[in-house]
Structures are given as structure tokens and as C-alpha cells.
Amino acid sequence: MSFAAPAYLAAAALAAALVVALHLLVRRRPPSALLPTARFIPDVPASATALAARPADVPLLLLRVLVLLLVGAALAGPRLTPRPRGTARVVAVDVSRGASRAAALTAAAPHVAGAAAVIAFDSAARAVPADSLAALASAPPTMSRGSLSAALVRALRAASRLRESADSVQLVLVTPALAEEADAATMEVRALWPGRVDLVRTPPAGSMAGADSVLVEWADSAASPDWRRRARADVPGALRAGDAVLVAPLARAWAHVPRDSSRVAARWTDGEPAAVERSVPGGCVRELGFALPTAGDVALRPDAERVLARLRTAPCAGRADPTPMSDAAVQALAGAGRLARASDFPAAARRGSPLAPWLLGGALLLALAELPLRRARRRTSANAPASVERAA
Amino acid sequence: MRLGTAEGALLDAVRHVRWPARRRAPHGMTGAHLSKALGTSAEFTEHRAYRQGDEPRRIDWKLLARSDRVAVRLSDDRATLPTVLLVDASASMAFPADTLEKWAFARLVAVGLAAAAHRSGDPVGVTVAAADGARRLPPRTRPGVVHDVARALDALRPSGSPALAPLLAGLRSVPRVAVITDLLGDADELLAVAAASRAAGREVHLVHVVHALEADPPAAPATYADPERPEDRRALTGETRAAYLERFAAWRTDVAHAWRAAGAWYTEVGAGEAAERAVRRVASGAG
């Protein structure tokens, strides 16, 4: 068992010791004798406090000590923790756009078996059940860039939770280790891991080679769920795509539904997206949330041609950069030496102790039991003359 | 029964002590005390005119020769003074519980006074207020009466709360009564009866027995209970001791004043005093 706040337990022990000391204080009446002229002594209560060799009222003392210790233990946040032994393994698998997912899952499989925690990461990291990792193979590919920082932060959290059940923690990082997956914080976060990282490099995603293909869709086609028709169309007056600007009374009949995977390719003058781009294997799809009027010469104007040319031919953004990390960076990421000791990780933040309510309930019951116990003790002392009374 | 060592030593110490009457004794058997009645002893007191019926041999012929007056010679008579010792045998007299010194002292004083009265030729008896009923020894002048008094007192152990006032009231025909008590019982009633007895012309002595530990209890804190009222427990501590001494002394002063005002002879004895000295003080009326 461990305690989140052992100071409460120490305070409870101190209070219990104080109660024991109070039970050693007794109020004694002076010894009794006969005196025929006692009637001339003023009738005032007289007693003296003295230290007894044995505590008075032992059952009540034990009850009170137990109540205090139970309350202190409850406030101390006890947890039943298994005896730490062996090495716990944390596996972080790169499932971002830069990693070949099939290769990553295959490379991770032998490490996932028996792992204490499995993390799948792209731009964010999340813990996944070990038996569900294989299901990621059939999940739709993501165009999110991998983040080693996110993976390392998640791994640190998992290690904190494992610190009380293992002697050491092994981190297996399955990733192609592309340069785009490291950011300014990656090495700082890596430094928080107090041991080596077992790096399993996987090949990068194969679709990263070749030219991009751009598919343009009009929102009017209603092919994309990313656009919804406005209740009333308005006329913002102009839109901009990169450095191309079109000033024309174009009707804005569609409103963009924001998605994490889409990027804005053009904006209206009031900042609302006029066109968005989303990555697909082999290129990207650009969805235009406006329509060129069929009447008039707007479609023939040079600024309209420029805007449309930009939307039609500009290279797709979000294409993974296949440049790998430098050897030095890889070496720094992997590190060397022993595995991380579990005790080197900070303790995970405890939300609450499952034992605390039971301990508090027990303390409450014992406190209630004091009432009948004292009543019984009072009846006993009333029936028999006592020369010693408990001071507390 | 032979007297104990203490009684024997006491009788030896008080063998010269006399207990004179404080007033003229009632007319009775010839004794050591001046009698109220005038008699025919050698102590000439006065002349009285001859009355018809006087004995001719009592006529003072010399006075007749000198003065032609016919008168008879009168002189003091002496009589005995029957005495009863009324002794308190209540539980408060059994103090301390292990030695019974207070009761032993009261017994010695009673025996000493009995001896002093007997030595003057006075009939002496004892009445003991005991829990199981009064023990009475009528006044006698026979030689062994002092031993009888000692034996009567030695056979008792003080206990209970017997009343003294009714017993004193029953001794109304006895010219002299000495009450030996600690006045922790029916003190007010006893005083009233004593005042009535004094008003009737009888001699009443109060021998107030106070033990040394009552006058000066131990300084160590203790809880004390009255043996006649054990439910009343009082704690004698440093704070209450001064008040106790003051209260007890004031009470003794008050009772002494009250008894003397009633006409009785009050003597406080005990408190570390030798029994023979107490007997002398009572007998001499020194108070």
C-alpha cells in the first residue's frame, strides 16, 4: 500500500499519541478517611490531576485511536499497489502520414505483445489497447504529420503510471523518424525520459513519391459534406487565393463546415473560407465554395482566371516531407545506456483513493460507537464508588 | 476485674483531687459539701429567735444570760452530692478508628471524675448513651464503685448516634451531672435540657472532648467523612483547611459561651492533654 499524502497519516499518529497521553491523565480524589468534625470542612469539590501509570478506560482509548488513524489514513490517499518488479514496456507506434502503416504495425507487433502501454501517434498521441493496434491497419490513412513530442509526452505519462508496478520502463519507438516529425520541443521532451529509447525505424510511406494530382470540386455539386447551403446567400464582394484576388459580385451560397484535415485555400474578404483543400493519396482535393456566374463576363476576366488557375494548379499542401532526421538527431533521440528506472519518473497525479471512502466510513462508525461505550462506562462508574476519574 | 494500666496510673495521679460542689448541696446524707439546710454541726453560723418546738438544748444559754434574749444556735450542715457521669458513646467518639483514642480519653476522664467524687464521699454512677440503649449504673458510695464505672465503660465500643438530651432529662433528680461528650450529636437539645437543669438548681458540668487530630488535621489532602453521616464527604485540601480550622474554632468558642451562659461549667479537654490534668481542670472548675 502507498499513500499519496503520508503527512496526514503522520498527523493522525501524532493526534493518537496525544489522546493516549490524555488518557494517562487522571483526576484523583484525595484518599478517604473518617473525621467526626468533617461537617466543618467547606463543601467544595476537590480533585487533583495526576499522571497514571496505565491509561484509563482502555476500550474508549482504543476506539479513539482507531478513529484518528482511520481518518488520517483516509486523508492520506491510500492505494493498494502491486509490488514493483521487472520491466514495463511502453510502445509508441507512428501512424502518421509519413509512416508506412503496414510496416509500422508489423514492426511493432513483437514489441506490443506483453507491453504495459501502447501509444499510437500522428499529430497527437493516444493510448490504444494492445489488441486493437492491428485494427489500425484498416483505418483510413491520415494526412496528419507525426509529432515525436506528442508521442514522448504520452510515453512519459504512461511511465508515471507504471512507476509503482515496475522496476524499470522500456520505451520502444516505432517510427520512420522523419525530420518533419521533430519540432523545437522534441529534444527537450526527450531529455525528460531518464534512460535510453529503443528506436525501431520503419520505412516512410510509399505514396510520398511522384507528382501531386489536384481534383477541383464545386460545392454546388454537393459531393462534399464539408459545405452546407446557407439559408440566405450573400455577396461578400471579393475573394483571395494566395496572391490572386477576384473582385466580383459572387454569391456566397455555401458555408464551410470546419474539419481538422482541411486547409483553407481561398478566403472571402470577411475571412470566411471560400475554398478548402484536403489531402488524399496521390494529391489533394480542392473544394470551391462559390460558383462563377453564367451571365456577364466575370468568368472571362483575367483576375478570375488567375484565381481559378491558382486553385486548379497550385501544388498540394500537407504533403509529407520524406527527409529523414539526421543521424545525430536519431542518436540523440535513441540515447544510450540503461533503461529508465521507474522510480525516476514523477508519480502520476492521483484523482482519488478508492480506499478512502471505506476508511472514512469505518471511522464514522467507530465514532458513533463511542456514544454507547461512554454511556455504559458512566453507568458502571455510577454503580461503584470510584476514587479516580479520567481527566479527559 | 482489675483496672487497666492507664486507669491505674490515672487514679494514682488524681488521688488527691477533690471535686467540691459549686453550690450548696441539697439536704441529705452527711457529706463533704455544704448543705443548703442549716444543721447542728460545730460550725456556728447564726442565732435565730427561739420558736415553739425548738429543742431546748439548742438554746444559747450564754446569750440568754447576757442579753435576756432566747435564741437558738444555727450552724452549716454538710451533705453528699450524688453525681452521675453521662458519657457519650456515639460513633463520633470512636476516633481514630484504629486506636479509639478519643473514647479511651473520655473513659479515663470519667473514671477520674468518678474517683474524685467518690473520694469526697459522694455517691457516683454512670449513664452511657450507647447505640443499643443506655447503660446505667446508679449512684453508689460503696468502695468498688469506681471499678464498676470503669468496667461499664470498658465493655462498650462507641457506635451509632444515641441522643444525650433525653438521658440528661431523665437525670433531673441527680444534683450533679457531668456530661462527657464531643457535642457532635444532639448538641442543641442537650444545651436546652442542661439550661433547664441548671435553672432547677442542679449542677451541670460539660466536659467537651476534642481529639488532637480534630483540632489540627493532617496537612495532606484527603477526603473525610463523618462517621455518623458517611454520605457527607468533604475534601480537606490546602484551600479548605484554613476555613475548617477557623470554623471549628469558632464553633467551640460559641458552644463554650452558650453553655456558660446557661449556667453550666464548661471544660474543653483532649487535644494532646493528659487525662489527669483534664480531671483536675474539671474538678476545679478552671474551664
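Residues numbered from 1 in each chain as written. Chains lettered and ligands numbered in written order. Predicted model: local features only at pLDDT ≥ 70, side-chain atom pairs only at ≥ 80, totals over all residues. Heavy atoms only, no water.

Peer 1: Requested: an account of the overall build of chain B, with residues and values cited.
Peer 2: Helices and strands together make up the secondary structure of chain B, namely 9 helices and 10 strands. Split into buried and exposed, the 287 residues of chain B put 50% on the buried side. Taking the contacts inside chain B whose residues are at least 6 apart along the sequence as the reference set, 73% of them involve residues at least 24 apart. Carbon together with sulfur atoms contributes 53% to the accessible area of chain B, which is approximately 13200 Å² in total. (Helix = DSSP H or I, 4+ residues; strand = E, 2+ residues; numbered from the N terminus. Buried < 20%, exposed > 50% of the residue type's maximum accessible area, 1.4 Å probe, protein only. Contact = heavy atoms within 4.5 Å. Areas by Shrake-Rupley, 256 points an atom, 1.4 Å probe, with all protein chains shown as cover.)

Peer 1: Account for the pairing of strand β6 (residues 87–94) of chain A, naming residues and giving values.
Peer 2: All names here are of chain A. Among the 8 residues of β6, 6 are classified as buried, and the element is accordingly described as predominantly covered. The sheet contact formed by β6 and strand β9 (residues 168–175) spans 7 bridges and is parallel. Its bridge partner being in β9, valine 91 is matched across the sheet by valine 172. Two strands pair when backbone bridges link them, and β6 and strand β7 (residues 117–121) are joined in this way by 5 bridges, in the parallel orientation. (Pairing = 2+ DSSP bridges.)

Peer 1: Outline a nonpolar patch on the surface, listing residues and values.
Peer 2: Among the surface-exposed residues, Leu364, Leu365, Leu368 and Leu371 of chain A lie close enough to one another that they form a single nonpolar patch of about 430 Å² accessible area. Locating leucine 368 of chain A in the fold gives a position in helix α8 (residues 356–383). (Patch = residues over 30% accessible without salt bridge, like charges linked within 9 Å, V, L, I, M, F, W, Y side chains within 5 Å. Salt bridge = Lys/Arg side-chain N within 4 Å of Asp/Glu carboxyl O.)

Peer 1: Outline the side chain of aspartate 54 of chain B, listing residues and values.
Peer 2: Residues and elements named next belong to chain B. Mapping aspartate 54 onto the fold places it in the loop between β1 (33–49) and α2 (61–67). Among the polar contacts listed, one links the side chain of aspartate 54 to the side chain of arginine 48, at a separation of 3.2 Å. Discounting residues that sit within four places of it in the chain, aspartate 54 has contacts with Arg48, Ala49 and Val72. (Polar contact = N/O pair within 3.5 Å; in protein donor to acceptor, adjacent residues only side chain to side chain.)

Peer 1: Got a sec to walk through the confidence of the model for chain B? Specific residues and values, please.
Peer 2: Confidence along chain B averages 88 in pLDDT terms, with 90% of residues attaining 70 or more. In the model output, the complex is listed with pTM 0.50 alongside ipTM 0.83. (pLDDT = per-residue confidence, 0-100.)

Peer 1: I'd love a proper account of the nonpolar core, names of residues and values included.
Peer 2: Counting residues in hydrophobic clusters, the biggest one holds 44 residues, and the most contacted among them are Trp19, Leu85, Trp103, Leu113, Leu153 and Ile180 of chain B. Breaking this core down by element, the ones donating at least two residues are α1 (5–13), β3 (83–88), α3 (101–119), β4 (124–129), α4 (145–154), β6 (176–181), β7 (203–210) and α9 (275–284) of chain B. Among the elements that make up this core, the one with the highest residue count is α3 of chain B (12 residues). Residues Ala38 of chain A together with Val174, Phe248 and Ala264 of chain B belong to the second largest nonpolar core, which totals 36 residues. (Core = buried A, V, L, I, M, F, W, Y, C linked by side-chain atoms within 4.5 Å.)

Peer 1: Any details on α1 of chain B? Residues and values, ideally.
Peer 2: Residue and element names in this part refer to chain B. Glu7, Leu10 and Leu11 are the residues of α1 that are buried. The buried residues of α1 occupy one face: seen down the axis, they fall within an arc of 95°. The inward-facing, buried residues of α1 abut α3, α4 and α9. (Arc of directions from axis to C-beta.)

Peer 1: Please set out the interface of chain A and chain B residue by residue, giving values where relevant.
Peer 2: Contacts between the two partners involve 17 residues from chain A and, on the opposite side, 25 residues from chain B. For the pair chain A and chain B, the summed buried area comes to about 2200 Å², and 67% of that belongs to carbon and sulfur atoms. By the criterion of area lost to chain B, the three top residues of chain A are Pro36, Arg39 and Phe40 of chain A, representing 32% of everything that side buries. For the pair chain A and chain B, the interface holds 2 salt bridges. (Buried area = accessible area lost by both parts, 1.4 Å probe.)

Peer 1: Account for the side chain of threonine 175 of chain A, naming residues and giving values.
Peer 2: Residue and element names in this part refer to chain A. Considering the arrangement of structural elements, one finds threonine 175 in strand β9. Residue class for threonine 175 comes out buried when judged on its relative accessible area of 0%. A polar side-chain atom of threonine 175 sits 2.7 Å from a polar atom in the side chain of aspartate 94. One polar contact links the side chain of threonine 175 to the main-chain amide nitrogen of alanine 177, over a distance of 3.1 Å. Setting aside chain neighbours within four positions, we find threonine 175 in contact with Asp94, Phe121, Leu148, Glu181, Leu199, Val200, Arg201 and Thr202.

Peer 1: An account of the sheet that holds strand β17 (residues 273–280) of chain A is requested, with residue identities and associated values reported.
Peer 2: All names here are of chain A. The mixed open sheet is built from 6 strands, whose spatial order is β11-β18-β17-β16-β13-β14. Looking at strand neighbours, the two that pair on one side only are β11 (213–218) and β14 (244–247), the edges of this open sheet. The average undirected angle you get between the axes of adjacent strands in this sheet is 25°. In the sheet, β11 pairs with strand β18 (residues 283–288) via 6 bridges, with the strands oriented parallel. Each residue of the ladder has a partner; that of tryptophan 218, found in β18, is leucine 288. Most of the contacts of helix α6 (residues 302–313) go to β14, to which it runs at about 135°, and overall it touches β11, β13 (238–241), β14, β16 (262–268), β17 and β18. (Axes fitted to C-alpha atoms, helices over the stretch in contact; angles between N-to-C directions.)

Peer 1: Which residues make up the pairing of β17 of chain A, and what values do they have?
Peer 2: Residue and element names in this part refer to chain A. The element β17 is extensively covered by neighbouring structure, given that 6 of its 8 residues are classed as buried. Across 5 bridges, the pairing between β16 and β17 is antiparallel. When the sheet's bridge partners are listed, serine 262 is paired in β17 with arginine 278. Taking the residues that link successive antiparallel strands as the turn, the β16-β17 hairpin has 4 residues, and the phi of glycine 271 there is positive, at about 95°. Pairing of β17 with β18 involves 6 bridges; the strand directions are antiparallel. Bridge pairing in β18 links valine 280 to glycine 283. Taking the residues that link successive antiparallel strands as the turn, the β17-β18 hairpin has 2 residues, and the phi of glycine 282 there is positive, at about 90°.

Peer 1: How would you explain the sheet that holds strand β5 (residues 135–140) of chain B if you had to name every residue and give the values?
Peer 2: Through backbone hydrogen bonds, the strands of a sheet pair up, either in parallel or in antiparallel fashion. All names here are of chain B. One open sheet holds the 6 strands; their spatial order is β5-β4-β3-β6-β7-β10, and the pairing between them is mixed. Looking at strand neighbours, the two that pair on one side only are β5 and β10 (265–270), the edges of this open sheet. Each neighbouring strand pair of the sheet contributes to a mean axis angle of 20°, computed without reference to strand direction. When β6 meets β7, the two strands line up parallel, connected through 6 bridges. When the bridges of β7 are listed, valine 179 appears paired with leucine 206. Of the strands in this sheet, β3, β4, β6, β7 and β10 are in contact with α3, which crosses β3 at around 180°.

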